[in-house]
Amino acid sequence: MKTMTKRIVIFALMLMAAVGMQAQSLNGTWKTTMTEDGQKMDFYFIFTQSTLNMKGVVSMDDPEVGKIVVSVKVPCTYTRNGNKLNVKTNPGQAKLNIDKMEFTPEIAGAIGQSPELKKMIEDQMKQAMESSKGEIVDGFPSGGELSIVTLTSTKLSLRDETGETIDFTKVR
């Protein structure tokens, strides 16, 4: 009977250790919201075992135009040594995307009359985004060393080399 109890205790301890190790995993999608010059941006760190994608999503609301949501994704690689992350960004491979365009009824009506107009607007937006891509990507962390301050199953706090700490919440 004692060996059975001992086995159950050992099994329970191994299970708790496995759950504890799971809480230490970076894998998943982590989100924070930043505000710069009055503009809100949702910022995501998307970790897999060896890659990190940084993604910024900005929603622009203009009463005369409508709502436009754009995102930029910068692929990265990282290595982890204890609580230190060494991140290498690939800004040259950054991808800009128009995620959503909801126009005001007037503009939507005009676009409904002329599908070419919608394509023209999208093309001009993509062109404008591409021309300011370098500037947008420069706003992203440039890589280097990050320190993990807090890592639980729902919260991640990272400190950069300047000492600034950013808090993320796990969303996926």
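These remarks concern the structure in this document. (Residues numbered from 1 in each chain as written. Predicted model: local features only at pLDDT ≥ 70, side-chain atom pairs only at ≥ 80, totals over all residues. Heavy atoms only, no water.)

### A word on the pattern of salt bridges
Stated formally: Between Lys or Arg on one side and Asp or Glu on the other, a salt bridge is scored when a side-chain nitrogen of the former is within 4 Å of a carboxyl oxygen of the latter. The secondary structure listing takes helices from DSSP runs of H or I that are at least 4 residues long and strands from runs of E that are at least 2 residues long, numbered from the N terminus. Note on exposure labels: buried denotes an accessible area under 20% of the residue type's maximum, exposed denotes more than 50%, and partly exposed covers the range between, all computed with a 1.4 Å probe on protein chains only.
Tallied over the full model, the rule gives 3 salt bridges. Here Lys31 and Asp42 are joined by a salt bridge, their closest N and O atoms 3.9 Å apart. With Lys31 in strand 1 (residues 28–36) and Asp42 in strand 2 (residues 39–47), this residue pair connects regions lying 11 residues apart in the sequence. With a relative accessible area of 28%, Lys31 lands in the partly exposed category.

### Observations regarding the layout of surface pockets
The condition that has to hold: Residues are said to line a cavity or pocket when one of their atoms sits within 4 Å of a point; the points come from a 1 Å grid over protein atoms alone, cavities being sets where a 1.4 Å probe fits but cannot get out and pockets being open sets with protein on both sides within 12 Å along at least five of seven lines. Grid points are joined across faces, edges and corners, and a volume is the space filled by probe spheres set on the points.
Roughly 690 Å³ of volume is contained in the largest pocket. Looking at the largest pocket, it is lined by 23 residues, and the ones nearest its centre are Glu36, Gln39, Met41, Val58 and Ile136.

### Some thoughts on the nonpolar core
Generally speaking, nonpolar side chains in soluble globular proteins are found buried as a group. For clarity, the threshold we go by: Here the nonpolar core consists of buried residues drawn from Ala, Val, Leu, Ile, Met, Phe, Trp, Tyr and Cys, with membership extended through side-chain atoms lying within 4.5 Å.
Ranked by internal contacts, the top residues of the largest apolar core, which has 32 residues, are Phe45, Phe47, Met54, Leu85 and Leu156. Residue assignment for this core shows that the elements contributing at least two residues are strand 2, strand 3 (51–62), strand 4 (66–81), strand 5 (84–89), strand 6 (95–103), helix 3 (115–131), strand 7 (144–151) and strand 8 (155–159). For this core, the element with the highest residue contribution is strand 4, accounting for 6 residues.

### Some thoughts on the environment of Pro75
Where we set the bar: Any two residues whose heavy atoms approach within 4.5 Å at even a single point are treated as in contact.
Among the structural elements, Pro75 can be located in strand 4. For Pro75, a relative accessible area of 18% puts it in the buried group. If sequence neighbours within four positions are ignored, Pro75 has contacts with Leu52, Asn53, Thr89, Asn90, Gln93 and Ala94.

### Considering the side chain of Thr32
Basically, it comes down to this: Any pair of N or O atoms that falls within 3.5 Å is considered a polar contact. Within protein, one atom must be able to donate a hydrogen and the other to accept it, and sequence-neighbouring residues count only if both atoms are side-chain atoms.
Relative to the helices and strands, Thr32 is located in strand 1. The exposure class of Thr32 is buried, given its relative accessible area of 11%. Within the local environment of Thr32, its side chain forms a polar contact with the backbone oxygen of Asp167, the two atoms lying 2.9 Å apart. When sequence neighbours within four positions are dropped, the list of residues in contact with Thr32 reads Met41, Asp42, Phe43, Ile166, Asp167 and Phe168.

### Focus on the pairing of strand 3
Applicable threshold: For two strands to count as paired, DSSP must find a minimum of two bridges between them.
Where strand 2 meets strand 3, 7 bridges bridge the pair, whose relative direction is antiparallel. Counted as the bridge partner of Phe47 is Leu52 from strand 3. Turn length for the strand 2-strand 3 hairpin, with the two strands adjacent in sequence and antiparallel, is 3 residues. Hairpin connection between strand 3 and strand 4: a loop of 3 residues separates the two successive antiparallel strands.

### Some details on the packing of aromatic side chains
Stated precisely, the cut-off is as follows: Planes of paired rings set the category: under 30 degrees apart is stacked, over 60 is edge-to-face and the rest tilted, where pairs are Phe, Tyr or Trp rings (Trp by its six-membered ring) whose centres lie within 6.5 Å.
A complete count under the given rule lists 4 aromatic pairs for this structure. Measuring from ring centre to ring centre gives 4.8 Å for Phe45 and Phe168, while their planes differ by 35°; the resulting arrangement is tilted. With Phe45 in strand 2 and Phe168 in strand 9 (residues 165–170), the pair connects residues that are 123 residues apart, well separated along the chain. Judged by its relative accessible area of 1%, Phe168 falls in the buried class. By way of ring pairs, the aromatic residues Phe43, Phe45, Phe47, Tyr78 and Phe168 are connected into one cluster.

### Considering the side chain of Ser157
Tracing the backbone through its elements, the reader meets Ser157 in strand 8. A polar contact is formed between the side chain of Ser157 and the side chain of Asp167, at a distance of 2.5 Å. Sequence-distant contacts of Ser157, defined by excluding residues within four places in its chain, comprise Ser147, Ile148, Val149, Thr150, Thr165, Ile166 and Asp167.

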